[in-house]
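Here's the letter readout for the chains.
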Amino acid sequence: MTSEPVRLGVAGLGRAFMLMLPTFRQDPRVRLIAAAAPRAESREAFAAEFGGRGHETVEALATDPEVEAIYVATPHQMHADHVCAALEGGKHVLVDKPLAVSMADADRMVDTAERTGRHLIVGPSHSFDAPVALARRLVEGGDHGAVRMVQALNYTDFLYRPRRPEELRTEEGGGVLFSQGVHQIDVVRLLCGGLARSVFAMTGAWDPERPTEGAYSALVAFEGGAFATLTYSGYAHFDSDVWMDGVGELGAPKDPTAYGKARKALAGLDPEAEARLKTTRTFGQGADPAPATHHEHFGPVIALCDRADLRLMPSGVEVSADTERWFEEAPLGVPRAEVVDALVDAVREDRAPVQSGAWGRASLELCHAILASAETGQPVALHKQSDTEGRTR
Ligand SMILES: NC(=O)c1ccc[n+]([C@@H]2O[C@H](COP(=O)([O-])OP(=O)(O)OC[C@H]3O[C@@H](n4cnc5c(N)ncnc54)[C@H](O)[C@@H]3O)[C@@H](O)[C@H]2O)c1
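Residues numbered from 1 in each chain as written. Predicted model: local features only at pLDDT ≥ 70, side-chain atom pairs only at ≥ 80, totals over all residues. Heavy atoms only, no water.

### Observations concerning the domain arrangement of the chain
Part 1 of the reasoning: Once the domains are mapped, the chain shows domain 1 (6–126 + 336–356) and domain 2 (127–334 + 366–381).
Part 2 of the reasoning: Note on domain 1 versus domain 2: buried area summed over both sides is about 3,100 Å², and carbon and sulfur give 59% of it.
Part 3 of the reasoning: For domain 1, the biggest contributors to the area lost against domain 2 are Arg 15, Met 18 and His 126; these three give 28% of the whole.
Part 4 of the reasoning: Linking domain 1 with domain 2 are 2 salt bridges.
Part 5 of the reasoning: In this structure, Glu 296 and Arg 336 form a salt bridge, with 2.8 Å as the shortest nitrogen-oxygen distance.
Part 6 of the reasoning: If you look at where domain 1 meets domain 2, you find 18 residue pairs in polar contact (both at pLDDT 80 or more).
Part 7 of the reasoning: With 8 residues, the top contributor of residues to the side of domain 1 that touches domain 2 is helix H1 (residues 15–26). (Domains from an automatic or database assignment. Buried area = accessible area lost by both parts, 1.4 Å probe. Salt bridge = Lys/Arg side-chain N within 4 Å of Asp/Glu carboxyl O. Polar contact = N/O pair within 3.5 Å; in protein donor to acceptor, adjacent residues only side chain to side chain. Helix = DSSP H or I, 4+ residues; strand = E, 2+ residues; numbered from the N terminus.)

Right under this line is the structure:
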């Protein structure tokens, strides 16, 4: 094993890249050496901070001989082409969630990774959060017995943050399922072993101005008998982060005076002005995210096991056992270091991640199944699931 940093290229210097910046700036195990971005000012901002090469296309980045792995952070609907170009160029890939929009694209990506012998990691997603990993270790340790039931819920203002037009069109991957639901699905699947059998769900599309799903509730049955409820609203006025010690999704304390800020900022904007507003949150233009004082999280999650209930919090896991209750701290380090762990393991040690292409495809299948169940009013069976060892069903 070499201790050289992984030489990483980045495709897409937008909001997702901004959220990875604290990691890239602090983790010495990765070095950003190239980027692909259509806008010259983004490439210039990248060169000014990281040096390296700016490419106009992902295809050019994919053939850059110095690059070992590529972080694909372009819009969902481009993931398949960009990931396949990177894999064909011989690079390992970290692709931001969701893996893709269509299951056909997901199949193509998983097949291309297999054929080229490169690793495909789907992340970051909140299943990488340290408290989730800690809860999983507690479950695997066996002291608390089997996971029987999981509740996950999150109330946010997601639908009222500035969006590109396609982010409000379900068929192009818009709405809360593909961008937000997939986080919650990843977390719950990790706690329940990964293999969902079926789902019954309802969705809400309640704002005609933003005509896509902004909310859902789903009941998921897993192999082995565990079941889970997943509830999400991106229309929320009540903010469920009050149940997470007032810590926001990215691990920073929430400012109570910012209540209603997202809706206020959108008032009176047409779609073009809204898309422009979104670019003010991207690399080279937007302010850095507030520094994290806790781990990231995706809202309240409670896993009920035979002999203890595990409550996931931004600094660890509260364990309520038969006769005692205690808190297991998850030590704070470089934000999203767990994503770099997976990347380094894959690139340097040829170790497949839990959140592989097949894992991401299984979470995507659940997103589609939730939409299909809501449309038909029937439970939907799942056929492309993958467990934490990479075994598929
Ligand atoms: N994990 C997270 O915390 C998180 C947060 C936000 C977004 N995301 C994911 O990241 C992805 C991007 O979303 P976003 O909100 O950052 O969008 P965005 O619009 O802010 O960023 C996308 C970027 O891709 C660039 N781009 C477009 N076409 C390109 C091309 N052909 N080649 C290279 N770059 C190109 C755009 O210029 C833009 O900078 C989505 O899949 C989203 O789900 C993840």
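Picking up where we left off.
### Regarding the side chain of Glu 213
Part 1 of the reasoning: Following the sequence through the fold, Glu 213 ends up in the loop between strand E8 (196–204) and strand E9 (215–222).
Part 2 of the reasoning: Buried and without a salt bridge, Glu 213 has Arg 169 as its closest oppositely charged side chain, separated by 12 Å.
Part 3 of the reasoning: Polar contacts involving the side chain of Glu 213 include one to the side chain of Thr 170, which spans 2.7 Å.
Part 4 of the reasoning: The contact partners of Glu 213, leaving out residues within four places of it in the chain, are Leu 159, Thr 170, Gly 175, Val 176, Leu 177, Thr 203, Gly 204, Ala 205, Tyr 235 and Leu 371. (Buried < 20%, exposed > 50% of the residue type's maximum accessible area, 1.4 Å probe, protein only. Lys, Arg positive; Asp, Glu negative; His and termini not counted. Contact = heavy atoms within 4.5 Å.)

### A few points about the packing of aromatic side chains
Part 1 of the reasoning: Applying the stated criterion across every chain, the model contains 13 aromatic pairs.
Part 2 of the reasoning: Note on Phe 17 and Phe 50: the rings are 6.4 Å apart at their centroids and 70 degrees apart in plane angle, and the pair reads as edge-to-face. With Phe 17 in helix H1 and Phe 50 in helix H2 (residues 40–50), the pair connects residues that are 33 residues apart, well separated along the chain.
Part 3 of the reasoning: Aromatic side chains Tyr 160 and Tyr 235 sit 6.5 Å apart centroid to centroid with 50 degrees between the ring planes, which places their arrangement in the tilted category. Of this pair, Tyr 160 sits in the loop between strand E7 (147–155) and helix H7 (176–192) while Tyr 235 sits in the loop between strand E10 (227–233) and helix H8 (261–266); the two residues are 75 residues apart in sequence, bridging distant segments of the chain. Grouping residues by exposure puts Tyr 160 and Tyr 235 together as buried.
Part 4 of the reasoning: Over the ring of Phe 158 we find Arg 163; its NZ or CZ atom is 3.9 Å from the centre of that ring.
Part 5 of the reasoning: Its end group placed over the ring of Trp 359, Arg 189 keeps NZ or CZ at 3.7 Å from the ring centre. (Phe/Tyr/Trp six-rings, centres within 6.5 Å; stacked < 30°, edge-to-face > 60°. Lys NZ or Arg CZ within 6 Å of the ring centre and 35° of its normal.)

### Focus: unusual backbone geometry
Peptide bonds are trans in most cases, and residues, glycine excluded, mostly fall at negative phi.
Part 1 of the reasoning: For the bond running from Lys 97 to Pro 98, omega is -10 degrees, close enough to zero to count as cis.
Part 2 of the reasoning: Its place among the elements puts Pro 98 in the loop between strand E5 (92–95) and helix H5 (103–116).
Part 3 of the reasoning: Of note, the amide linkage connecting Gly 123 to Pro 124 takes the cis form, showing an omega dihedral of 0 degrees.
Part 4 of the reasoning: The phi angle at Asp 245 is positive, at roughly 60 degrees, despite the residue not being glycine.
Part 5 of the reasoning: According to the relative accessible area criterion, Asp 245 is exposed, its value standing at 57%.

### Examining helix H4 (residues 79–88)
Because each turn of an α-helix spans 3.6 residues, side chains separated by three or four positions in sequence point in the same direction.
Part 1 of the reasoning: Burial analysis of H4 places 8 of its 10 residues in the buried class, the great majority of the element.
Part 2 of the reasoning: His 79, Ala 80, His 82, Val 83, Cys 84, Ala 85, Ala 86 and Leu 87 are the residues of H4 that are buried.
Part 3 of the reasoning: Residues of H4 that are buried in the fold lie against helix H3 (58–62), strand E4 (69–72), E5, H5 and strand E6 (120–122).

### What to know about the packing of H7 against helix H11 (residues 357–376)
If you want to describe how two helices pack, look at the angle between their axes and the distance between the axes.
Part 1 of the reasoning: Remark: H7 packs on H11, axes separated minimally by 9 Å, with the N-to-C direction vectors making an angle of 120 degrees. Crossing hand, H7 versus H11: right-handed. Contact residues: H7 offers Leu 177, Phe 178, Val 182, Ile 185, Asp 186, Arg 189 and Leu 190, while H11 offers Trp 359, Ala 362, Ser 363, Leu 364, Leu 366, Cys 367, His 368, Ile 370 and Leu 371.
Part 2 of the reasoning: Split into classes, the residues belonging to the contact of H7 with H11 amount to 12 nonpolar, 2 polar and 2 charged. (Axes fitted to C-alpha atoms, helices over the stretch in contact; angles between N-to-C directions. Left-handed = near helix turned anticlockwise from the far one by under 90°. Nonpolar A, V, L, I, M, F, W, Y, C, P; charged D, E, K, R; others polar.)

### A few points about the sheet that holds E10
Part 1 of the reasoning: Taking strand neighbours across the sheet as the criterion, the 9 strands line up as E14-E13-E12-E11-E7-E10-E9-E8-E15 in an open arrangement whose pairing is mixed. Looking at strand neighbours, the two that pair on one side only are strand E14 (325–329) and strand E15 (380–381), the edges of this open sheet.
Part 2 of the reasoning: In the sheet, strand E12 (residues 308–313) pairs with strand E13 (residues 316–321) via 6 bridges, with the strands oriented antiparallel. The partner of Arg 311 across the bridge, within E13, is Glu 318.
Part 3 of the reasoning: Sheet strands touched by H7: E7, E8, E9, E10, strand E11 (301–305) and E12. Its angle to E7, the strand with the most contacts, is close to 155 degrees. (Pairing = 2+ DSSP bridges.)

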